[in-house]
Amino acid sequence: MSTLTHVPLPAFGQAEECPPLPAALYAGRLAAARARMAEDGLDALVVYGDREHFANLAYLTGFDPRFEEALLLLDRDGAGKLLVGNECMGYLPDAALGLDVELFQEFSLLGQPRAQSRPLRNILSSFGIRRGVQVGCVGWKYFDSGLIAGWEEEEALDVPAYLADLLRGLCGVRKPVVNATALFMNPYDGLRVVNEPEQIAQFEYAATVTSAGVLDLLRHLAPGAREQNLERFLDSRGLPLSCHRMIGFGDKARRGLASASARRAVLGDVFTVAFGVTGGLTCRAGCIARGLQDLSCELRNFYPRFAANYFDVVCAWYGSLRVGAAGCGVFTAVESRRDASLYDFAVNPGHFIHLDEWVHSPFCADGRTPLRSGMALQADIIPVSRGPFCYANAEDGVVLADAALRAVLARQFPEMWERIRRRRAFVADALGIRLDESVLPLGNLPAWLPPFALDLEKVFTQAGSWPHRCRRPPPN
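Presented here is a report on the structure given in the accompanying data block. (Residues numbered from 1 in each chain as written. Predicted model: local features only at pLDDT ≥ 70, side-chain atom pairs only at ≥ 80, totals over all residues. Heavy atoms only, no water.)

So, on to the overall build of the protein chain. Scanning the protein chain for helices and strands turns up 11 helices and 18 strands. Since a compact globule built from 476 residues should have a radius of gyration of about 23 Å, the 24 Å found for the protein chain is in line with a globular shape. Taken over the C-alpha atoms alone, the protein chain extends approximately 75 × 50 × 50 Å along its principal axes. Counting over 476 residues, the protein chain shows a buried share of 58%. Total accessible area computed for the protein chain in this model is approximately 19200 Å², and 51% of it derives from carbon and sulfur atoms. Between the mean site of the 49 positive side-chain charges and the mean site of the 54 negative ones, the protein chain shows a separation of 5 Å. (Helix = DSSP H or I, 4+ residues; strand = E, 2+ residues; numbered from the N terminus. Rg over C-alpha atoms; globule rule 2.2 N^0.38 Å. Buried < 20%, exposed > 50% of the residue type's maximum accessible area, 1.4 Å probe, protein only. Areas by Shrake-Rupley, 256 points an atom, 1.4 Å probe, with all protein chains shown as cover. Lys, Arg positive; Asp, Glu negative; His and termini not counted. Charge placed at Lys NZ, Arg CZ, Asp CG, Glu CD.)

Structure representation (structure tokens):
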């Protein structure tokens, strides 16, 4: 059971800069993608990206389109071609990857020059896409059920129609062009659901950036503060955003995805804030209050049970994670702690996180996906109140690591490893949540949930029940 306890938040620290990914890592990813192409019987892979849907392309090349679209062509024999528009010609991946870069100006914004590039049909044909060739298209989504009547699941593509139509025309029939996004994003063996040590170090840096921003905002949150003025504390430190910054006070917090506005914080209001960059996201929600005395009578009777049970669920999520556990096992553990009279879940209780905020989720009632070493997971548990409107959220990321991966991380990134060790100790010793040795918290607010934003040292821990007064831990 959850109780409120006086727990100061330690300063866990942060790397001075984001650890780089070497070109050799991207070369290995390209080789792994070609190996999977061969396994799946694909002769060519066409990877589409734009500003919003960049993660699969960036995973393979380190290149994310700015302003424009882009297209990566791979064949099984080692050839690779990257098509970019006018403005991305000055923003290209490492030349050591050996990708042939070609200007395709139709990817450029409207009104820009378009006279210097070959027609897309000619580019694709010269790359070897023709009748008899099996092509896999990679966008940002694949489909598990019949999206279009009379079509098989793999035939539904999420790339632009002009590209899908042209590929099908070149290949002659519909079925040789299939959706291959699962190669990267499926929860069982998608290439992006298990991460290298270097990628994990980047994700840890990203999580410290988002958690630092959210904590800074909460420390400045006070009655009268405007959402738009608090947004400046969500400092990305140069990392690209994985989603827009979200801040909401009062009734506006019902629209949890809303951007900051001129609305002012009011004592007793609900609040929510979420901040995501490539590789990490932190969210917190609760009440703009010092304690129950600042809430309406209606909330005083409901919010203690709502928030305490929510933290019980968060603890169940952390406590059931481990290498080898099945996604459905985590789902069942979480559901068993949820008080269904208080709230429903808006989405799955957690998901994979990567350069994009949500890759896929293994956490569902029939999810047999075994959790593997190297997976990055997000505690994205969103409660939808069945009583008066209120909110609680403690969204952070972890990585699962077996003994071998833990040894590599400790050896290659000793300062990061020390931060992770201290976070684990805080979660276990201060918050009372038992973690499996394979669970590595990435951000600097691990499982930290203060239900009242005006008293950030009054946080939930696992013990007893909600008391009338917060209790302090015994002295050391």
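Structure's up, so let's keep going.
Turning next to empty space enclosed by the protein. Over the atoms, a rolling probe the size of a water molecule traces out where space has been left empty. Scanning the model with the defined rule gives 1 cavity of 30 Å³ or more in all. By volume, the largest cavity amounts to about 80 Å³. In this structure, the largest cavity is lined by 14 residues; those nearest its centre are A207, G280, L281, Q378 and G397. When contributions to the lining of the largest cavity are tallied by element, the ones reaching two or more residues are α6 (197–220), β10 (280–287) and β13 (376–378). Residues that form the lining of the largest cavity fall into these classes: 6 nonpolar, 7 polar and 1 charged. (1 Å grid on protein atoms, 1.4 Å probe; cavity = no way out; pocket = protein on both sides within 12 Å on 5 of 7 lines; lining within 4 Å. Points joined across faces, edges and corners; volume = space filled by probe spheres on them. Nonpolar A, V, L, I, M, F, W, Y, C, P; charged D, E, K, R; others polar.)

We now examine the state of the cysteines. Put plainly, a disulfide is one covalent bond tying together the sulfur atoms of two cysteines. Applying the stated criterion across every chain, the model contains 0 disulfides. Between C315, a free cysteine, and C283, which holds the nearest cysteine sulfur, the sulfur-to-sulfur gap is 17 Å. When its relative accessible area of 7% is taken as the criterion, C315 is described as buried. In this structure C328 is a free cysteine whose sulfur lies 7.9 Å from that of C364, the closest cysteine sulfur available. (Disulfide = S-S within 2.5 Å.)

So, about the sheet that holds strand β3 (residues 70–75). Taken in spatial order, the 6 strands make up an open sheet running β5-β4-β3-β2-β6-β7, and their pairing is mixed. Taken across any chain shown, the strands that pair with only one partner, and hence form the sheet edges, are β5 (100–103) and β7 (177–179). Averaged over all pairs of adjacent strands, the angle between their axes in this sheet comes to 20°, without regard to strand direction. The sheet contact formed by strand β4 (residues 80–84) and β5 spans 4 bridges and is parallel. Pairing of L83 across the sheet is with E102, part of β5. (Pairing = 2+ DSSP bridges. Axes fitted to C-alpha atoms, helices over the stretch in contact; angles between N-to-C directions.)

This paragraph deals with the packing of α6 against helix α11 (residues 414–430). Running from N to C, α6 and α11 point in directions that differ by 55°, and their axes come no closer than 11 Å. Regarding the angle of α6 to α11, the classification is oblique. When you trace α6 past α11, the crossing you get is left-handed. Taking contact as the criterion, the partners of I200, A201, E204 and T208 in α6 are, on α11, M416, R419 and R423. A per-class count over the contact of α6 with α11 returns 3 nonpolar, 1 polar and 3 charged. (Parallel < 35°, antiparallel > 145°, perpendicular 65-115°, else oblique. Left-handed = near helix turned anticlockwise from the far one by under 90°. Contact = heavy atoms within 4.5 Å.)

Within the fold, I353 resides in the loop between β12 (351–352) and β13. Its relative accessible area of 5% is what places I353 among the buried residues. Placed 184 residues apart in sequence, I353 and G169 show a C-alpha to C-alpha distance of 36 Å. Those residues in contact with I353, other than ones at most four positions away along the chain, are F203, G279, G280, L281, V359, A376, L377 and Q378.

Another aspect to go through is the layout of surface pockets. Space inside the largest pocket adds up to approximately 1200 Å³. If you trace the largest pocket, you find 43 residues lining it, with C243, L257, E357, W358 and D380 closest to the centre. Mapped onto the lining of the largest pocket, the elements with two or more residues apiece are α2 (55–61), β9 (270–277), β10, β14 (383–385) and β15 (393–395). In terms of residue count, the dominant contributor to the lining of the largest pocket is β14 (3 residues). The residue inventory of the lining of the largest pocket, partitioned by class, reads 22 nonpolar, 12 polar and 9 charged. Roughly 430 Å³ of volume is contained in the second largest pocket. Every element with two or more residues in the lining of the second largest pocket is listed here: α1 (23–39) and α6. If one sorts the elements of the lining of the second largest pocket by residue count, α6 sits on top with 4 residues. Counted by class, the lining of the second largest pocket contains 13 nonpolar, 5 polar and 3 charged residues.

Side chains that differ in charge, positive against negative, can pair when their charged atoms come close. Within the structure shown, the criterion is met by 25 salt bridges. Note that R419 is salt-bridged to E204, the shortest N-O span being 2.9 Å. One end of the pair, R419, is in helix α11; the other, E204, is in helix α6, and 215 residues separate them in sequence. Exposure remark for R419: the relative accessible area of 8% places this residue in the buried category. The exposure class of E204 is buried, given its relative accessible area of 1%. With a shortest N-O distance of 2.8 Å, K252 and E227 are connected by a salt bridge. Separated by 25 residues along the polypeptide, K252 in the loop between β8 (246–249) and β9 and E227 in helix α7 (residues 227–230) bring together distant segments of the chain. (Salt bridge = Lys/Arg side-chain N within 4 Å of Asp/Glu carboxyl O.)

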